[in-house]
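As a plain string of letters, each chain reads:
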Amino acid sequence: MKKYILKRVLTSIGTLLAIILILFILMRLMPGSPFNDEKLTDDQRVALYEKYGLDDPIVIQFGRYVVNMCKGDLGVSYKISKNTPISQLIESRLPISSGIGFYAVFRGAIIGLILGVIAALKRDTILDTICTIISVIGVSVPSYVFALGLSYTMGYKWKWFPMLYDSADAFNSSIMPSIALSMFTMASIARFTRTEMIEVLGSEYMLLAESKGLSGRKLLFSHALRNALIPIITVLAPLIVDLMTGSLVVEKIFAIPGVGSLLVNAIQSNDYNVVIALSFIYSALYIAIMLVVDILYGIIDPRIRLGKEGE
């Protein structure tokens, strides 16, 4: 197991370094610059490039950036909040997006699993049809439509929750955004759970387990659901990162000061350091989640671990 985990960790580190290099080069190749202000003279613009080291060769810039990043220094903002450390900009926003994303993932995964299991156990019945309709609606309708509907009904008409995000009432302010974001997760998990559970329930090893006298919860959870979890985890992993790093439109609707709005502002103003830092955090979270998924594969199904160790 240790060899399996070490191999995955080293692969993840190499992938992350490659992503940083690609992001760095792409940002430098983009048209425009952080200093497009018409009020700046050519001499002032040259001085700013010199100050931030943007006139150095790209190899030197990249090496300096990686070294600073290893020290925890993500650089400073060029334009959004001049000379403010990016870690400070992200520090106040990331927990908000992550908190709402966590609620959305947790709610969507639990409800999706329940709906999927019910649909599989009650296949071709009215319950299966209801669960399928809910799943289709959740996948087909964008999250911002749910957000607008919730904002109008629960926020404006019924006044159950704040229509706009209020840091003084963060929990209640997070309920509507997290519900809107959880719909796609819930629907995706429900669909995959139903499909995998139907396949597993009709498999030979399930028939063998039943013939040995296993039944009820033990058969359902120890055999059926456990074997159906691997593809479900694969689907859930990227959704976790998407939700925990914020949804741009949903954050705009509820005026949430998360990382999504910060990323949009950084792109619009060509604030290179902020864009690269946020992209790096997103990539690091994605790779970390996929690393956890790889490890979970080995725990849930040891055959996967043994097979990859033997390669």
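Before reading further, recall that the structure is shown in the block above.
Criteria and cut-off values
- Residues numbered from 1 in each chain as written.
- Predicted model: local features only at pLDDT ≥ 70, side-chain atom pairs only at ≥ 80, totals over all residues.
- Heavy atoms only, no water.
- Helix = DSSP H or I, 4+ residues; strand = E, 2+ residues; numbered from the N terminus.
- Buried < 20%, exposed > 50% of the residue type's maximum accessible area, 1.4 Å probe, protein only.
- Contact = heavy atoms within 4.5 Å.
- Polar contact = N/O pair within 3.5 Å; in protein donor to acceptor, adjacent residues only side chain to side chain.
- Patch = residues over 30% accessible without salt bridge, like charges linked within 9 Å, V, L, I, M, F, W, Y side chains within 5 Å.
- Areas by Shrake-Rupley, 256 points an atom, 1.4 Å probe, with all protein chains shown as cover.
- Salt bridge = Lys/Arg side-chain N within 4 Å of Asp/Glu carboxyl O.
- Core = buried A, V, L, I, M, F, W, Y, C linked by side-chain atoms within 4.5 Å.
- Axes fitted to C-alpha atoms, helices over the stretch in contact; angles between N-to-C directions.
- Parallel < 35°, antiparallel > 145°, perpendicular 65-115°, else oblique.
- Left-handed = near helix turned anticlockwise from the far one by under 90°.
- Phe/Tyr/Trp six-rings, centres within 6.5 Å; stacked < 30°, edge-to-face > 60°.

*Asks:* Could you give an account of the overall build of the chain, naming the residues involved and the relevant values?
*Replies:* Across its full length, the chain holds 13 helices and 0 strands. Listed N to C, the secondary structure of the chain is α-α-α-α-α-α-α-α-α-α-α-α-α in terms of helices and strands. The proportion of buried residues among the 311 residues of the chain is 42%. Considering only residue pairs separated by 6 or more positions, the chain has 74% of its internal contacts joining residues 24 or more positions apart.

*Asks:* Give me the lowdown on the side chain of Ser174, citing residues and values where you can.
*Replies:* With respect to the helices and strands, Ser174 occurs in helix α7 (residues 170-201). Residue classification places Ser174 among the buried residues on the basis of a relative accessible area of 6%. In terms of polar contacts, Ser174 uses its side chain to reach the backbone carbonyl oxygen of Ala170, at 2.6 Å.

*Asks:* Run through a nonpolar patch on the surface, naming residues and quoting values.
*Replies:* There is a patch of nonpolar side chains on the surface, built from Phe102, Tyr103, Phe106, Ile110, Ile111, Ile114, Ile118, Ile126, Leu127, Ile130, Ile134 and Phe171 and spanning about 1,100 Å² of accessible area. Counting only elements with at least two residues in the nonpolar patch, the list comes to α4 (86-121) and α5 (126-140). By the secondary structure assignment, Phe171 is in helix α7. Taking relative accessible area as the criterion, Phe171 reaches 54% and is therefore assigned exposed.

*Asks:* Tell me about the environment of Thr11, and name the residues and values.
*Replies:* Inspection of the secondary structure puts Thr11 in helix α1 (residues 2-29). The exposure class of Thr11 is partly exposed, given its relative accessible area of 46%. Separated by 276 residues in sequence, Thr11 and Ile287 place their C-alpha atoms 9.7 Å apart.

*Asks:* Outline unusual backbone geometry, supporting the account with residue identities and numerical values.
*Replies:* Located in the positive-phi region is Asp124, a residue other than glycine, with phi close to 65°. When you line up the elements, Asp124 lands in the loop between α4 and α5. Judged by relative accessible area, which is 67%, Asp124 ranks as exposed.

*Asks:* Lay out the nonpolar core with the relevant residues and their values.
*Replies:* Most often, soluble globular proteins keep nonpolar side chains buried together rather than apart. Membership of the largest hydrophobic core comes to 35 residues, with the highest contact counts inside it found for Ile100, Ala147, Met176, Leu181, Leu236, Phe254 and Ile256. Sorting the residues of this core by element identifies α4, α6 (143-157), α7, α9 (216-244) and α10 (248-253) as the ones contributing at least two each. With 11 residues, α7 is the largest single contributor of residues to this core. When residues no more than four places from it in sequence are discounted, the contact partners of Ile256 are Ile96, Ile100, Tyr165, Pro177, Val250, Glu251 and Ser261. The next biggest cluster of nonpolar side chains, apart from the first, holds 28 residues, and it includes Leu16, Phe35, Tyr78 and Leu278.

*Asks:* Let's hear about the packing of α5 against α7: which residues, and what values?
*Replies:* Relative orientation of the contacting elements α5 and α7 amounts to 135°, with a least axis distance of 8 Å. With respect to their mutual orientation, α5 and α7 come out oblique. The interaxial crossing formed by α5 with α7 has left-handed handedness. Of the residues in α7, those touching α5 at Asp128, Thr132, Ile134, Ser135, Gly138 and Val139 are Met183, Phe184, Met186, Ala187, Ser188, Ala190, Arg191 and Arg194.

*Asks:* So what about helix α2 (residues 42-51)? Which residues, and what values?
*Replies:* Burial analysis of α2 places just 0 of its 10 residues in the buried class, a small minority of the element. Looking one or two places after α2, you find Gly53, whose phi comes out positive at around 75°.

*Asks:* Account for the environment of Arg123, with residues named and values stated.
*Replies:* Looking at where Arg123 falls in the secondary structure, it is placed in the loop between α4 and α5. Ignoring anything within four residues of it in the chain, the contact list for Arg123 reads Asp128, Arg194 and Ile198.

*Asks:* Explain the pattern of salt bridges to me, using residue names and the numbers behind them.
*Replies:* Under the counting rule described, the total for this entry stands at 2 salt bridges. Close ionic contact of Asp56 with Arg64 constitutes a salt bridge, the shortest N to O distance being 3.1 Å. A relative accessible area of 28% means that Asp56 is categorised as partly exposed. Between Arg194 and Asp128 there is a salt bridge, with its nearest N and O atoms 2.8 Å apart. Of this pair, Arg194 sits in helix α7 while Asp128 sits in helix α5, and the two are 66 residues apart along the sequence. A relative accessible area of 22% means that Arg194 is categorised as partly exposed.

*Asks:* Please give an account of the packing of aromatic side chains that cites residues and values.
*Replies:* In this structure the tally under the stated criterion is 5 aromatic pairs. Judged by centre distance (5.7 Å) and plane angle (25°), the rings of Tyr152 and Tyr156 are stacked. Separated by 4 residues within a single helix, Tyr152 and Tyr156 lie in helix α6, roughly one turn from each other. You can call Tyr152 partly exposed: its relative accessible area is 46%. Owing to a relative accessible area of 47%, Tyr156 belongs among the partly exposed residues under this scheme. Clustering of aromatic rings is evident, with ring pairs tying together Phe102, Tyr103, Phe106 and Phe171.

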